[in-house]
Amino acid sequence: MGLEYINGFSKLNAAQKVELLTDATDLDQVQKLLNDFKLDNQETQKIFESFSENTISNFHLPYGIAPNFLVDGSLYHVPMAVEESSVVAAAAKSAKFWYDKGGFQTVFLKKIKTGQIHFTFDGPKELLLSYLETIKHDLYQSVKDLTKRMEARNGGIREIKLIDKRKDLQNYYQLMVTFDTADSMGANFINSCLETMGQRLQEFMLSKPDLQKYSFEIIMAILSNYTPESIIRMKVETTLDELDDIAHETDGVTFAQKFHKAVEIARQDVFRATTHNKGIMNGADAVVIATGNDFRAVEAAAHAYAARNGSYASLSECFLDGNTFRYELELPLSIGTVGGLTSLHPLAALSIKLLGDPAADELMKVIAASALANNFGALRSLVTEGIQKGHMKLHLDNILLKYNATQEEHKKAKAYFADRKVSYANVKAFLDEQRK
Ligand code: MEV
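Keep in mind it's a predicted model, so treat the numbers as computed, not measured.

## Here's the deal with the side chain of N58
In this structure, N58 sits in the loop between α3 (42-51) and β1 (63-71). Judged by its relative accessible area of 12%, N58 falls in the buried class. Within the local environment of N58, its side chain forms a polar contact with the backbone oxygen of F37, the two atoms lying 3.0 Å apart. Those residues in contact with N58 that lie beyond four places of it in its chain are F37, K38, L39, Q45 and F48.

Written out as structure tokens, the structure is:
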């Protein structure tokens with residue numbers, strides 16, 4: 001069937017949407033599949049559909065718990081939403097390993113976010129500067145209604161700065177505005193403030209005869225997802241002897257040196273750094289998603305930060321100092337524990353509850369701990385037995401599940417594949433043989 005341009009798709013109901021997308025012959029099957037993934041509870045289903053547009057079903061992710069994270073002396077059983085096998089297992093294994101070694105510890109944490117009003121002005125900069133304090137005062141006033149509630153939660157606008165960007169682009173300036181959004185991620189708050197301030201700036205520029213003479217244009221007003229001031233540095237630390245039992249056939253010193261080298265490679269080489277950071281984001285995103293936060297924002301900030309020195313590098317760093325092994329991760333994080341999906345999505349709300357209703361900075365710590373745990377777990381496997389062994393164990397479980405293997409078949413398959421290559425074809429052949 002050739003595709004045709006669809007007019008007014010958003011106005012159709014879900015059944016009509018599906019009908020348009022599907023061959024009439026398998027319509028019933030598709031409809032059944034889509035319905036199977038909808039919730040029985042109509043009210044909650046409606047809430048889900050309201051999150052996005054043109055919704056025809058729900059797309060599920062496994063929701064699991066990585067228990068026993070000790071973070072700054074507090075214990076967390078961390079909810080994770082992730083489809084990749086081994087991620088939750090790696091987090092749990094690392095959490096267990098670090099539990100009796102002081103756990104995960106915050107080195108520093110900052111929580112300031114930035115937004116920008118981008119504009120062009122072709123008059124003299126001195127003229128702009130002569131009005132700057134009045135403009136700033138006016139802009140603060142213009143958003144008083146918006147900031148009042150945020151200020152009651154100890155947030156608000158922290159600073160407005162004029163940045164001269166004319167070296168980069170003709171007549172281009174920014175008003176760089178910094179915000180503390182308390183326990184919310186704050187994207188809507190920031191964007192509302194910026195758009196209101198942009199309008200006020202426009203009015204101001206048009207109200208002064210000496211400014212009117214020049215061309216002035218607001219290009220856009222929007223938050224920045226680059227958040228180098230909303231950031232956490234998290235560490236784990238132990239002695240080299242404590243690493244003695246981490247892998248068969250390696251002592252702590254050998255393990256630590258090899259681990260250190262692996263991290264240095266990720267600090268030098270972009271191909272490795274990208275994979276290394278992907279392993280970090282495995283742990284971060286799963287908690288970010290489980291708590292209803294915006295993982296695209298977190299991803300964008302992380303990778304921009306990884307390239308802050310001009311070349312893309314590892315977000316984590318390993319230090320060997322005498323008998324001490326220290327592993328640290330620096331991760332920009334813009335997340336919240338109130339507002340947005342955090343309360344609207346029932347499972348996100350549950351995650352927040354399971355974590356003990358944390359403030360945003362506390363959730364930043366948990367996310368960073370999970371990120372560091374996953375990264376440590378991945379490197380620990382990579383420099384010892386490799387990742388495929390653990391991966392394949394879970395892969396085998398998934399394949400057996402797909403072929404509805406019985407408990408007995410599971411047991412036999414585990415023994416059979418202990419030293420054989422796991423693949424769909426091989427597992428299917430094994431089961432076929434068993435079922436003859
Ligand atoms: C897989 O999702 C993540 C790893 O590739 C990370 C890494 O190589 O460090 C295991």
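What follows continues from the structure just given.
## Looking at the side chain of Q116
Considering the arrangement of structural elements, one finds Q116 in strand β4 (residues 113-121). A distance of 3.2 Å separates the side chain of Q116 from the side chain of H118, its partner in a polar contact. In this structure the side chain of Q116 is engaged in a polar contact, spanning 3.4 Å, whose partner is the side chain of Q174. Apart from the residues lying within four places of it in its own chain, the contact partners of Q116 are Q174, L175, M176, L194, M220, A221, I222 and S224.

## Focus on the domain arrangement of the protein
In terms of domain boundaries, the protein breaks down into domain 1 (9-50), domain 2 (72-110 + 229-385), domain 3 (113-223) and domain 4 (391-435). On a C-alpha basis, the centroid separation for the pair domain 1 and domain 2 is 38 Å.

## Quick word on the sheet that holds β4
To summarise the sheet geometry, strands pair through backbone hydrogen bonds and adopt either a parallel or an antiparallel arrangement. One open sheet accounts for four strands, arranged β5-β6-β4-β7; its pairing is antiparallel. Edge positions in the sheet fall to β5 (156-164) and β7 (216-223), since each of these pairs with one other strand and no more. Each strand of the sheet is rotated relative to its neighbour by a mean of 15°, with strand direction disregarded. Strand direction decides the pairing type here: β5 and strand β6 (residues 172-180), joined by eight bridges, are antiparallel. Along β6, the bridge assignment pairs I163 with Q174. Helix-sheet contacts for helix α7 (residues 187-207) involve β4, β5, β6 and β7, and the interaxial angle to β7 is about 170°.

Each value, and the rule that gives it
- Residues numbered from 1 in each chain as written.
- Predicted model: local features only at pLDDT ≥ 70, side-chain atom pairs only at ≥ 80, totals over all residues.
- Heavy atoms only, no water.
- Helix = DSSP H or I, 4+ residues; strand = E, 2+ residues; numbered from the N terminus.
- Buried < 20%, exposed > 50% of the residue type's maximum accessible area, 1.4 Å probe, protein only.
- Polar contact = N/O pair within 3.5 Å; in protein donor to acceptor, adjacent residues only side chain to side chain.
- Contact = heavy atoms within 4.5 Å.
- Domains from an automatic or database assignment.
- Pairing = 2+ DSSP bridges.
- Axes fitted to C-alpha atoms, helices over the stretch in contact; angles between N-to-C directions.

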